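Below are the chains, spelled out letter by letter.
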Amino acid sequence: MERTIVLTPRTIGRLKNMTADERRLMLETMLADDVLCTEREKSLTPVQELIYLMFHDAVLRDSHRYEASQLAATSMVS
């Protein structure tokens with residue numbers, strides 16, 4: 001893992017709207033793809049893949065925002 005992964009309340013809210021199995025599948029897929037960089041244990045259906053891509057995009061955007069805010073805060077201190 002090379003980058004910070006941020007789950008904001010908004011992203012967690014999206015997960016809460018899913019079933020327990022869907023939540024588990026989304027998080028397991030993200031864990032395999034972004035944290036462990038391993039092959040996914042389960043393949044996603046086309047609809048699940050679309051949902052995952054939207055979830056993953058939201059996490060990436062939130063993570064980039066967080067990193068940018070940290071960089072800005074660090075540059076202000078220096």
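Note on numbering: residues in each chain are counted from 1, in written sequence order. A pLDDT threshold of at least 70 governs which residues receive local features in this predicted model, and a stricter bar of 80 or more applies before side-chain atom pairs are shown or counted, although totals over entire chains, interfaces and linings include all residues. To obtain the side-chain values, all non-hydrogen atoms of the structure were included, while hydrogens and water were left out.

Draft legend 1. Quick peek at helix H2 (residues 20-35). Put simply, DSSP marks the helices as runs of H or I at least four residues long and the strands as runs of E at least two long, and each gets a number from the N terminus on. Here the expected length of a helix is defined as 1.5 Å per residue gap, with one fewer gap than residues. The first and last C-alpha atoms of H2 sit 21 Å apart over 16 residues, in line with the 22 Å expected at 1.5 Å per residue. In this scheme, a residue with accessible area under 20% of its type's maximum is buried, one over 50% is exposed, and one in between is partly exposed, where area comes from a 1.4 Å probe on protein chains only. Considered for burial, the residues of H2 that qualify are Leu25, Met26, Thr29, Met30 and Ala32. Looking straight down H2, one finds its buried side chains confined to an arc of 165 degrees; they lie on one side. Cys37 occupies a position one or two residues after H2 and carries a positive phi of about 55 degrees. An arc is given here, and it is the one of the directions from the helix axis to the C-beta atoms.

Draft legend 2. View of the nonpolar core. Here, nonpolar core refers to any group of buried Ala, Val, Leu, Ile, Met, Phe, Trp, Tyr and Cys residues whose side-chain atoms link them within 4.5 Å. Counting residues in hydrophobic clusters, the biggest one holds nine residues: Leu15, Met18, Leu25, Met26, Met30, Leu44, Tyr52, Phe55 and Val59. Elements represented by at least two residues in this core include exactly H2 and helix H3 (46-77).

Draft legend 3. Quick peek at a nonpolar patch on the surface. Taken together, the side chains of Ile5, Leu7, Ile12 and Leu27 present a nonpolar region at the surface, about 280 Å² in accessible area. Overall, the relative accessible area of 36% leaves Ile12 in the partly exposed class. Patch membership requires more than 30% relative accessible area and the absence of a salt bridge. Residues of like charge join within 9 Å; the nonpolar side chains Val, Leu, Ile, Met, Phe, Trp and Tyr join within 5 Å. Under the convention used here, a 1.4 Å probe and the Shrake-Rupley method define accessible areas, while residue burial counts only the protein chains that appear. Salt bridge, as used here: a side-chain nitrogen of Lys or Arg that lies within 4 Å of a carboxyl oxygen of Asp or Glu.

Draft legend 4. Main features of unusual backbone geometry. Its identity is not glycine, yet Cys37 carries a phi of approximately 55 degrees, on the positive side. Examined against the element boundaries, Cys37 turns out to sit in the loop between H2 and H3.

Draft legend 5. Structural context of the confidence of the model for the chain. What pLDDT expresses is the predictor's confidence in each residue, scored from 0 to 100. The predicted model of the chain averages 91 in pLDDT, with 95% of residues at 70 or higher. Confidence scores differ between elements of the chain, with H3 showing the lowest mean pLDDT of 91 and H2 the highest of 94.

Draft legend 6. Highlighting the side chain of Ser63. Among the structural elements, Ser63 can be located in helix H3. Note on Ser63: relative accessible area 4%, which makes it buried. Identification of polar contacts relies on pairs of N or O atoms within 3.5 Å, with a donor-acceptor requirement for protein atoms, meaning one able to donate a hydrogen and the other able to accept it, and with residues adjacent in sequence counted only if both atoms are side-chain atoms. A distance of 2.9 Å separates the side chain of Ser63 from the backbone nitrogen of Val6, its partner in a polar contact. Non-local contacts of Ser63, meaning those with residues more than four positions away in its chain, are made with Thr4, Ile5 and Val6. Whether two residues touch is decided by their heavy atoms; if any such pair falls within 4.5 Å, the residues are in contact.

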